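Coordinates in review
The primary structure of each chain is shown beneath.
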Amino acid sequence: YTSTVYSKGAEVIRMYRTLLGKNGFRKGMDLYFERYDGSAVTCDDFLDAMADANDVDLRQFGRWYSTNGTPMVKYESKYDEGSETFYLTLSQYNNS
């Protein structure tokens, strides 16, 4: 494994925790251990436990850990004083 694998794994777990909140993440962990304690598991098993415990769809995270490299976001911003409008443009690319 490379450092990218471990970094991406930590980021996915952090995103689950952020989206589900402390209690939701704990519910997911409890279900994960109930289902898989002592077993060989996959990333999808962890994702399924988090999703099932909280009745949410987390499938979009499969792309995060199944794609080589780390997704990066580039942004551009502009403020138009005349119209008092802020423009934000985001684009995603992969650093692999």
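Residues numbered from 1 in each chain as written. Predicted model: local features only at pLDDT ≥ 70, side-chain atom pairs only at ≥ 80, totals over all residues. Heavy atoms only, no water.

**Side note on the pairing of strand β2 (residues 85-94)**
Bridge analysis of strand β1 (residues 71-80) against β2 gives ten bridges, and the strand direction is antiparallel. If you follow Val73 over to β2, its bridge partner there is Gln92. Remark: four residues form the turn of the hairpin made by β1 and β2, two consecutive strands paired antiparallel; Glu84 in that turn has positive phi of roughly 50 degrees. (Pairing = 2+ DSSP bridges. Helix = DSSP H or I, 4+ residues; strand = E, 2+ residues; numbered from the N terminus.)

**Quick word on the side chain of Asn54**
Note on placement: Asn54 falls in helix α2 (residues 43-54). By relative accessible area, which is 17% here, Asn54 ends up buried. Here Asn54 is in contact with Leu20, Gly24, Lys27 and Gly28, once residues within four sequence places are set aside. (Buried < 20%, exposed > 50% of the residue type's maximum accessible area, 1.4 Å probe, protein only. Contact = heavy atoms within 4.5 Å.)

**Overview of a nonpolar patch on the surface**
There is a patch of nonpolar side chains on the surface, built from Val73, Tyr75, Tyr79, Phe86, Leu88 and Leu90 and spanning about 710 Å² of accessible area. Residue assignment for the nonpolar patch shows that the elements contributing at least two residues are β1 and β2. Mapped onto the secondary structure, Phe86 falls in strand β2. For Phe86, a relative accessible area of 53% corresponds to the exposed category. (Patch = residues over 30% accessible without salt bridge, like charges linked within 9 Å, V, L, I, M, F, W, Y side chains within 5 Å. Areas by Shrake-Rupley, 256 points an atom, 1.4 Å probe, with all protein chains shown as cover. Salt bridge = Lys/Arg side-chain N within 4 Å of Asp/Glu carboxyl O.)

**As for α2**
End to end, α2 covers 17 Å across twelve residues, agreeing with the expected 16 Å (1.5 Å per residue, within 8%). Taken as a whole, α2 has its buried residues at Asp45, Phe46, Leu47, Ala49, Met50, Ala51, Ala53 and Asn54. Backbone nitrogen of Asp44 and a side-chain oxygen of the N-cap are separated by 3.3 Å at the start of α2; the cap is Thr42. Immediately downstream of α2, the backbone of Asp55 shows phi near 55 degrees, a positive value. (Expected span 1.5 Å × (residues − 1). Polar contact = N/O pair within 3.5 Å; in protein donor to acceptor, adjacent residues only side chain to side chain.)

**Comments concerning the packing of aromatic side chains**
Within this structure, the stated rule accounts for five aromatic pairs. Ring geometry for Tyr32 versus Tyr36: centroids 5.6 Å apart, planes at 50 degrees, classification tilted. Separated by four residues within a single helix, Tyr32 and Tyr36 lie in helix α1 (residues 3-36), roughly one turn from each other. On the basis of relative accessibility, which here comes to 15%, the residue Tyr32 falls in the buried class. An aromatic cluster is built from Tyr16, Tyr32, Phe33, Tyr36, Phe46 and Phe61, whose rings are joined through pairwise contacts. For the cation-ring pair, Lys78 lies above Tyr87, with the distance from its terminal atom to the ring centre recorded as 5.3 Å. (Phe/Tyr/Trp six-rings, centres within 6.5 Å; stacked < 30°, edge-to-face > 60°. Lys NZ or Arg CZ within 6 Å of the ring centre and 35° of its normal.)

Geometric descriptors of this kind do not, in isolation, establish any biological role.
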